[in-house]
Amino acid sequence: MRVVPIRVKVLYFGQAREAAGRAEEDFSLPGAPSVLTLVSRSMKAHQELRRMSSVMRFAVNEEIAGDDDRLADGDVVAFLPPVAGG
Amino acid sequence: MPSRKAARLTREVIDPAEIVRSVGEAGAGAVALFLGTVRDNSEAGRVLRIEYEAYEPMAEKRLAEAERDVRRRWPATTGVKIMHRLGSLGVGEVSVAVAVSSPHRAEAFEACRHAIETIKHEVPIWKREKLGDGSEVWVEGVSVGAGALGRGAGQRSGATKRNRLPS
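Calculation criteria
- Residues numbered from 1 in each chain as written.
- Chains lettered and ligands numbered in written order.
- Predicted model: local features only at pLDDT ≥ 70, side-chain atom pairs only at ≥ 80, totals over all residues.
- Helix = DSSP H or I, 4+ residues; strand = E, 2+ residues; numbered from the N terminus.
- Buried ≥ 20, exposed ≤ 12 C-beta atoms within 10 Å, placed from the backbone.
- Contact = placed C-beta atoms within 7 Å.
- Pairing = 2+ DSSP bridges.
- Axes fitted to C-alpha atoms, helices over the stretch in contact; angles between N-to-C directions.

> Help me out: how do you make sense of the overall build of chain B in this one?
When helices and strands are counted, chain B shows three helices and ten strands. In chain B, the succession of α and β elements from N to C terminus is β-α-β-β-β-α-β-β-β-α-β-β-β. For chain B, the residues scored as buried account for 38% of the 167 residues in total.

In structure tokens:
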């Protein structure tokens, strides 16, 4: 049985957008990857994101997600640097 | 025609009088209004402008949650309005407004304070200062979710870190 890859869209905001050099990007990953798996893939491609890794939070489909949450085809994952509204 | 939504983002100038009117109720004896404005200085230096951006659909959801949170915690509240501005703002412009009306002043003040603290901790909004020396810095706040929604209103200092952008 072959593992069907899923596609997820990643959105980068604020400093993460500058570090990644883009506002969004599509990733194709095998199986049902965790948020952490996706984040590692992204950070491998964009080394500059690593220095923010301890303070970054992630949202899946506009809700805050945990590192171990599983992703499904078509999910939208947002990289959220520390927020500064007000 | 101004939106009837109780909590939202806007790219238009925020009119404090209109916000106050929107929470007006015959049963309210108090309206507390908080305005956040662009300051001309920060730890980074002289500030000329601040640029605000958001993950807009998520930010609007979180603002709406902040409004519901206020109504849940202070059921006597008669009106709540929250607006946050996006785009490039000059010194003195209003970046955020929270108005709460209630029968008495104590809960109006508390609820208003709670709402602004929640907004600062829970809503995916970012800002970048344009400084007098020509440089720009991201204002580094708090990791989202570390704050008040679903918990007690956290007290925190106004001090925030800044990361100087590579030029």
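Alright, that's what it looks like, and here's the rest.
> I would appreciate a short explanation of the environment of Ala32(A) in the present structure.
Residue and element names in this part refer to chain A. Among the structural elements, Ala32 can be located in the loop between β2 (24-30) and α2 (35-45). C-alpha of Ala32 to C-alpha of Val77: the two residues are 45 residues apart in sequence and 14 Å apart in space. Discounting chain neighbours no more than four positions away, the residues touching Ala32 are Arg70, Leu71 and Ala72.

> Would you explain the pairing of strand β1 (residues 5-12) of chain A in this entry?
Along a regular strand, successive side chains alternate from one face of the sheet to the other. All names here are of chain A. Direction of pairing for β1 relative to β2: antiparallel, over a ladder of seven bridges. Paired with Ile6 across the bridge in β2 is Leu29. Direction of pairing for β1 relative to strand β5 (residues 76-80): parallel, over a ladder of four bridges. Among the inter-strand pairings, Tyr12 is bridged to a residue of β5, identified as Phe79.

> Would you explain the sheet that holds strand β4 (residues 63-65) of chain A in this entry?
Residues and elements named next belong to chain A. Read from one edge of the open sheet, five strands run β2-β1-β5-β3-β4, paired in mixed fashion. Pairing within the sheet leaves two strands with one partner each, and these edge strands are β2 and β4. Strand-to-strand twist of the sheet, defined as the mean angle between neighbouring strand axes without regard to direction, takes the value 35°. Where α2 meets the sheet, its contacts fall on β1, β2, β3 (57-60), β4 and β5, and the angle it forms with β2 comes to roughly 120°.

> Hey, could you run me through unusual backbone geometry in this one?
A negative phi angle is the norm for most residues apart from glycine, just as the trans form is the norm for most peptide bonds. All names here are of chain A. Within the chain, Asn61 stands out as a residue other than glycine whose phi angle is a positive 50°. Along the chain, Asn61 turns up in the loop between β3 and β4. In the Ramachandran plot, Glu62 falls in the positive-phi region, its phi being about 75° despite a non-glycine side chain. With respect to the helices and strands, the residue Glu62 is situated in the loop between β3 and β4. What makes Glu62 partly exposed here is the crowd of 17 C-beta atoms within 10 Å.

Treat this as a map of the structure, not an account of what it does.
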